Every structure is written in C-alpha cells, then in structure tokens.
Amino acid sequence: TKKEKLNWLADVAEGLRPLDARAGKFVRHLLDDADSQVRAEAVACLWNSSDPIWIDVLTDKAKHDPNLDVRTRALSALGHYIYEREAAAFREDWDEEDELITDGDLQRVVNFLFDTAQDAGASVDERRYAIESLAFLDDPEVDALIEWAYEQSDPRFRVSALFAMGRSGDLRWADQV
C-alpha cells in the first residue's frame, strides 16, 4: 500500500534501514511509482548515498519528473555529492582510498546544477534548490549566484540565498545571515 511504501522509505531516509543493494533495487523501483509522493520520498532516500550510480537517475528525475516536489528533491539530493567531496578535505579520518565520486562525475553534477540555477525557463523552486545544492562548493561562481539570488525581488530567492550562505560556511556572509 501507499502507506507501507512511505513508511519503508521513511525508515531508509532516516537511516533506520540501510540503503544496501536490495533496498537500492526497491528504491529504484519506487522512483517510478505512479504516486508522486512515493516518488518524492524515494528520491529523498538518495540524499545519504554517495554512490555515483544515482547521479544519472537523480538528474533524470530533476529534468523530467512531472511533479515539482520530486524534481526539487532530486536537485537537493545532487548537492550531497558536492558536500561529500568538499567535506572530505576536512575529515581527519578521510583516506585517499575512500570512495568519492570522480572529478568527472562531480563536474557533471556541478554543471547540471549551474545550468538549472541559471535557466530562466525553470521554475523558481527548481532554480532555488539548485543554488542551495551548489552552496557546498567553494567557488567564486557559486558566490556570485548566491549574491544574485539575494538581490532578487522574489522573497523565495532571498530565502534560498540566506540558506545557501549558511550552508556554504563562508564567513563573508555573516552580516547577511
């Protein structure tokens, strides 16, 4: 039932069930569920995964799912790949043999998020979530995008800019935040 699917997905998203190979197959199946709420929760489960096999799946969902909530959750989940790469430099227990996505995969994620954030044809929410996901990246172009969002008259952009400022951890944003 829908309720059982949502409960199971919530357990995976909250880390109560591991996203192992078997669970991954079921999540993959639920990403194509007829119910948009189930699809959105399945996407949310992928936030905790650093496995690059999900990049194309999330990118496809962000581009093509008919439901805005599913698309924005996919954009948000893509930000986890950037977070993992950026955070690795600060983790004392990080070993160069730890699995991180390749430079090429990271660039694909970053390019897709930049394209979405700058796409005037995308919804405000899609653009906002792309900016929030990019905020993990220490890059002057991201800073410029955050500044742009902060200067917009639409308060939704401003809210996301503030969120992105905090997410970036950059002290240059302290006064605005």
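We now examine the pattern of salt bridges. Scanning all chains against the criterion turns up 17 salt bridges. For Asp11, the salt bridge identified is with Arg17, shortest N-O distance 3.4 Å. Since its relative accessible area comes to 24%, Asp11 is described here as partly exposed. Take Arg17: its relative accessible area is 37%, and that puts it in the partly exposed class. Here Glu126 ties to Arg71 by a salt bridge, and the two come within 2.7 Å at their closest N and O atoms. Here Glu126, found in helix 7 (residues 124-134), pairs with Arg71, found in helix 5 (residues 68-88); they are 55 residues apart in sequence, far enough to count as distant. A relative accessible area of 14% places Arg71 in the buried class. Where salt bridges share partners, they join Arg28, Asp32, Arg39, Lys61 and Asp65 into one cluster.

Attention now moves to the nonpolar core. General note: in soluble globular proteins, nonpolar side chains tend to be found buried as a group. Ranked by internal contacts, the top residues of the largest apolar core, which has 50 residues, are Leu58, Ile82, Leu113, Leu134 and Ile146. Apart from the residues within four sequence positions on either side, Ile146 is in contact with Ile131, Ala135, Ala161, Ala164, Met165 and Trp173.

Let us now look at helix 2 (residues 21-30). Because each turn of an α-helix spans 3.6 residues, side chains separated by three or four positions end up pointing in the same direction. Three or more residues of helix 2 are buried, namely Ala23, Gly24, Val27 and Leu30. Projection of helix 2 onto a plane perpendicular to its axis shows the buried side chains occupying an angular sector of 120°, all on one side. Of the exposed residues in helix 2, those oriented more than 90 degrees away from the buried face are Ala21, Arg22, Lys25 and His29.

The rules behind each value
- Residues numbered from 1 in each chain as written.
- Predicted model: local features only at pLDDT ≥ 70, side-chain atom pairs only at ≥ 80, totals over all residues.
- Heavy atoms only, no water.
- Salt bridge = Lys/Arg side-chain N within 4 Å of Asp/Glu carboxyl O.
- Buried < 20%, exposed > 50% of the residue type's maximum accessible area, 1.4 Å probe, protein only.
- Helix = DSSP H or I, 4+ residues; strand = E, 2+ residues; numbered from the N terminus.
- Core = buried A, V, L, I, M, F, W, Y, C linked by side-chain atoms within 4.5 Å.
- Contact = heavy atoms within 4.5 Å.
- Arc of directions from axis to C-beta.

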